[in-house]
Each structure stands twice: as structure tokens, then as C-alpha cells.
Amino acid sequence: MNNYPTTGFQYLSDGFKLIFKPGLKRFVIIPLIINTCLFVSLFYLTRHFFNEFDLWVEGHLPSWLKWLGQILWLVFFSGFLLVMIYTFVTVANLISAPFNSFLAEKVELYLTGNTLEQKSWREVLADVPRVIGRQLAILGYYLPRAIFLLLCFFIPIVQFFAAFLWFLFNAWFMTLQFLDYPTDNHKVPLRDVHAWTWQNRLLSLSFGSSILILTMIPGLNFFVAPAAVAGATKLWVNEMKNKTSLKNL
């Protein structure tokens, strides 16, 4: 096991290389379109909330507390940006779950040296309820813990650490969410994937952190989700399945 802080970043980098490989590029198109449309929508929604928050701060703080307003704005900006990023990735994953699962399957076939096999769209569609159901199960695990962390943003003193805790939790959870695609293709129980990510916390946090950070970069963020699927698949093949006969990137 390569449970090192830099290993996760390397896997996401490999994921970007993989999605542009011949034979794999065509499986990225639909998730890419979904991510682009969703990000543009969330961008305009976020801009609206920022404007509303600015008006609220100006209207409720006396002039001698304007300095506190700047601190509150910074805390709100950090937290809301992280919330928006995770919302973007989560909703995009739910919508494109069947296509991401398909992409993970093709990436694994490429890595293990097998010939790419075509799956009919009827077979892909037949898998939709199961794939989405598993993503919803992950979301059901996530929401209570996310709500608790979000409440920390409203607790004095604690709120200054809330953004950091939120980032760490979501970084780990990003790895769990994207690892679900290759592991679900092999019917690996979600509890086993959860246990593995927890046992390999440094690897999980570095992989998830790299996803969160690159999602903040305009233009590049459109490609992060498919690259994360490909990177998580290589992570699954290398670390969890311990296969050695892989193609060099």
C-alpha cells in the first residue's frame, strides 16, 4: 500500500492523462457536458447568495463593527465556496453516475491490458437504478455529518476552524464517492470501501484534497470529475486489487 500524502495527487494526475487516451476519450463526453452545464448554473446561484450576504452584513452591523463584517465575510466565503464545490461534485455525480460507472469500467479494462468491449446503451440504462441507489446511500451517510459540520460555522470561536474541518471531511469523502464507481462495478460492499479509505487516511485525504483544489480552478474544473473517476479506478486497480500487469501511462 502506498499510503503517502503525495500518492493521491499522483493518482488524480494519472486520471487526467487517462481520460485523453485513445479509446477512452469518448466515454468522457457526456459527464463533461453535465459538469459544464451544472457548474455554470451553480456559479450564477453562488453570485446571487454572495450579493445577498453583503447586503445583510451592511444592514445589520453598526459602523464600529465593520471590521468584524470583513472577518465574517471571509469565513462565510471560505465555507460557502467549499459547500458549493461539494454540491457541484455531488449533484454532478448523481446525474452522471451511470456514465461514470461506465467510464470506470473502460478505464479498468484499459489498465489491465484487456481489449475495450462495447456495452450497449440498454445495458447501461438497466444499471442506472443500482448505480444511483448506491450513490444515494453514500449521500445518506454524508448528510447528517455534513449538517453537523455546517452548524459549526454558526458557533463562536469554533466557526474559525469549521472551514478547515469541512475541507478535511469532504476531502476524505470525495475519495469514498469516486472509489464507489470501480468498486461498485465489482459489487464490493460499501462498508468495505469505507473501511479501506479510513485505514488509508493519508492516501484518501490527498486524493480527495486534490479533487477539491482543482475544482476551484475555472476551466479545469469541468474535467475534474471524469479525471477523478479514472484516477480512482487506477487507485482501485493498484492499491485495492494489487494487480501488477498495468500499462504505463
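Residues numbered from 1 in each chain as written. Predicted model: local features only at pLDDT ≥ 70, side-chain atom pairs only at ≥ 80, totals over all residues. Heavy atoms only, no water.

On to the packing of helix H7 (residues 190–199) against helix H8 (residues 201–215). At a minimum axis separation of 5 Å, H7 and H8 run at an interaxial angle of 95°. The orientation of H7 with respect to H8, classified from their angle, is roughly perpendicular. Counted together, Trp196, Thr197, Trp198 and Gln199 of H7 and Arg201, Leu203 and Ser204 of H8 form the full contact between these two elements. (Axes fitted to C-alpha atoms, helices over the stretch in contact; angles between N-to-C directions. Helix = DSSP H or I, 4+ residues; strand = E, 2+ residues; numbered from the N terminus. Parallel < 35°, antiparallel > 145°, perpendicular 65-115°, else oblique. Contact = heavy atoms within 4.5 Å.)

Here we come to the packing of aromatic side chains. Any two aromatic rings considered together are summarised by their centre-to-centre distance and by the angle between their planes. Summed over the entire model, instances satisfying the criterion amount to 11 aromatic pairs. Look at phenylalanine 20 and phenylalanine 223: their rings are 6.0 Å apart centre to centre, the planes differ by 45°, and that puts the pair in the tilted class. Separated by 203 residues along the polypeptide, phenylalanine 20 in the loop between helix H1 (7–18) and helix H2 (29–60) and phenylalanine 223 in helix H9 (residues 221–240) bring together distant segments of the chain. Look at phenylalanine 20 and you get partly exposed, because its relative accessible area is 47%. The exposure class of phenylalanine 223 is partly exposed, given its relative accessible area of 27%. Following the ring pairs from residue to residue traces out a cluster consisting of Tyr141, Tyr142, Trp166, Phe169, Trp172, Phe173 and Trp198. The ring of tyrosine 141 has arginine 145 lying over it, and the distance from NZ or CZ to the ring centre is 3.7 Å. (Phe/Tyr/Trp six-rings, centres within 6.5 Å; stacked < 30°, edge-to-face > 60°. Buried < 20%, exposed > 50% of the residue type's maximum accessible area, 1.4 Å probe, protein only. Lys NZ or Arg CZ within 6 Å of the ring centre and 35° of its normal.)

When the charged atoms of two side chains lie near each other, side chains of opposite charge can form a pair. Taken as a whole, this structure holds three salt bridges when the rule is applied. With a closest N to O distance of 3.2 Å, lysine 234 and aspartate 14 form a salt bridge. Of the two residues, lysine 234 sits in helix H9 while aspartate 14 sits in helix H1, which places them 220 residues apart along the sequence. Neither lysine 234 nor aspartate 14 differs from the other in exposure class; each is buried. (Salt bridge = Lys/Arg side-chain N within 4 Å of Asp/Glu carboxyl O.)

Time to look at the nonpolar core. Residues Leu12, Phe178, Leu179, Phe207 and Ile211 are the most contacted members of the largest nonpolar core, which totals 55 residues. Only H1, helix H3 (66–111), helix H5 (128–151), helix H6 (159–185), H7, H8 and H9 provide two or more residues apiece to this core. The leading source of residues in this core is H6, at 13 residues. Look past the residues within four positions of leucine 12 in its chain and what remains in contact with it is Phe207, Ser210, Ile211, Leu214, Ala227 and Ala228. (Core = buried A, V, L, I, M, F, W, Y, C linked by side-chain atoms within 4.5 Å.)

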